[in-house]
Each structure stands twice: as C-alpha cells, then as structure tokens.
Amino acid sequence: MLEDISALRLCTTTTALQRLHDRLVEDLNERRGTKLIRDKDGQPKPIPEPPLQSGYSIEPITRQIDLIKEGRLMKHCIASHLFSVVSGDYAVYRMVDPERLTIEILVTQWGQCFIREVRGKGNKLPSAEAMQVIEQWFQENQPESNDGVPNIDRPSFIERW
C-alpha cells in the first residue's frame, strides 16, 4: 500500500499519521474495486456461506463487491481482507443498530469462530451497548466445530471495550 515510506517519515504527529492512514485507506478502497478475485472463467469467486446466522440487525456480507462497498462506506480497510474472506478464513458482517459497525470473524479450520475486530466508520471503536448486542448475537449463533471438540468458552468481550 505504501511502497515509498518517505510519507510515513514526514509524519511527526499522531494527527499527521491518522491523515496518512485515511488517505491510504481511501486509495486502497478505490483500487480494490477493480481487483475482484476471479475464477478461471473470469467470474468473481463467491464468498463462502457465513458461519453465523443473521440477527440483532447484524447480517453477513456475502459478495465481494459488497465487501468493497463496506470499506468505502465505512472508510476503513476491510477490503484489504478480501482474499482471506473469499478463502473462508474470515467472515464479515455489518451491524446497523444500535450503531453502524463492521464485524470481522476469524473462522478456524475446525469451524470455531472468534470475533477478530469490530469497527465503526473511520475505525471508530464500538460503544459498550453495541458490543453487548454483538456478544449476545455471537454466543447465540456459535456453530458446532467439525472436529468433535466442544467450542472453547470465551471471556466477555465487553470488558475489552
């Protein structure tokens, strides 16, 4: 994304670094739209079936173009994870209420799911209220792992936010 690090060296404040980050994210989101991951016939590859069901105004993002639009709308770098989403390593969800958020879920090869990241517009952190809703949705929709081992109990995510 940043082949020439001279711009980074010019950042002497956190505000300048944030502005550089925002410009790079905008550039990434504009370039990513022309670089869908395609099959041998040139068609966009599908995103695998989401591991968690919709609910609590949280829904999966199921098409590459919608993931790219999510990055543009939310002004963050979720589109940089496109390959990992198409390969099934991550699943991405959008939340619309109580606030607009993007939720990234790590999916292990054994079918276990973990909340990897939750961000609002411009990488804003979610509110405690939104995290309570996300945690409730996440706990209610845990898939069974396909290795026969029970899913790992997780500590509350709310305390981290």
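Before going into details, it helps to say that this report is about the structure given with it.

Definitions and limits used
- Residues numbered from 1 in each chain as written.
- Predicted model: local features only at pLDDT ≥ 70, side-chain atom pairs only at ≥ 80, totals over all residues.
- Heavy atoms only, no water.
- Helix = DSSP H or I, 4+ residues; strand = E, 2+ residues; numbered from the N terminus.
- Buried < 20%, exposed > 50% of the residue type's maximum accessible area, 1.4 Å probe, protein only.
- Contact = heavy atoms within 4.5 Å.
- Areas by Shrake-Rupley, 256 points an atom, 1.4 Å probe, with all protein chains shown as cover.
- Pairing = 2+ DSSP bridges.
- Phe/Tyr/Trp six-rings, centres within 6.5 Å; stacked < 30°, edge-to-face > 60°.
- Core = buried A, V, L, I, M, F, W, Y, C linked by side-chain atoms within 4.5 Å.

Time to look at the overall build of the protein. Within the protein one finds 5 helices and 4 strands. Scanning the protein from its N terminus toward the C terminus, one meets helices and strands in the order α-α-β-α-α-β-β-β-α. The burial tally for the protein puts 39% of its 161 residues in the buried class. Put simply, 59% of the contacts in the protein that link residues at least 6 apart link residues at least 24 apart. A total of about 9600 Å² of accessible surface is found on the protein, and carbon and sulfur atoms cover 52% of it.

Turning our attention to the pairing of strand 4 (residues 113-119). With 6 bridges connecting them, strand 3 (residues 101-107) and strand 4 associate as antiparallel partners. Bridge pairing in strand 4 links Val107 to Cys113. Hairpin connection from strand 3 to strand 4: 5 residues lie between these consecutive antiparallel strands, with Gly111 at a positive phi of about 90 degrees.

As for its position among the elements, Asp89 is in the loop between helix 4 (82-86) and strand 2 (90-95). Between the C-alpha atom of Asp89 and that of Thr108, which follows or precedes it by 19 residues, the distance is 6.7 Å. Once residues lying within four places of it in the same chain are set aside, the contact partners of Asp89 are Ser84, Ile105, Leu106 and Val107.

Attention shifts here to the packing of aromatic side chains. On inspection of all chains with the given rule, the structure shows 1 aromatic pair. Considering the side-chain rings of Tyr93 and Trp137, the 5.0 Å spacing of their centres and the 65 degrees angle between planes classify their relative orientation as edge-to-face. Taken together, the residues span a long stretch of sequence, with Tyr93 in strand 2 and Trp137 in helix 5 (residues 128-140) at a distance of 44 residues. Across this residue pair, the class does not change: Tyr93 and Trp137 are buried.

The next subject is the nonpolar core. In terms of nonpolar packing, the biggest core is built from 17 residues, with Tyr93, Ile103, Ile105, Ile134 and Trp137 touching the most fellow members. The element best represented in this core is helix 5, accounting for 5 residues. When neighbours within four sequence positions are excluded, Ile105 is seen to be in contact with Leu52, Asp89, Tyr90, Ala91, Tyr93, Cys113, Phe114, Ile115, Arg116, Trp137 and Phe138. Judged by nonpolar contacts, the second largest core, of 13 residues, contains Ile37, Ile78, Val86 and Val92.

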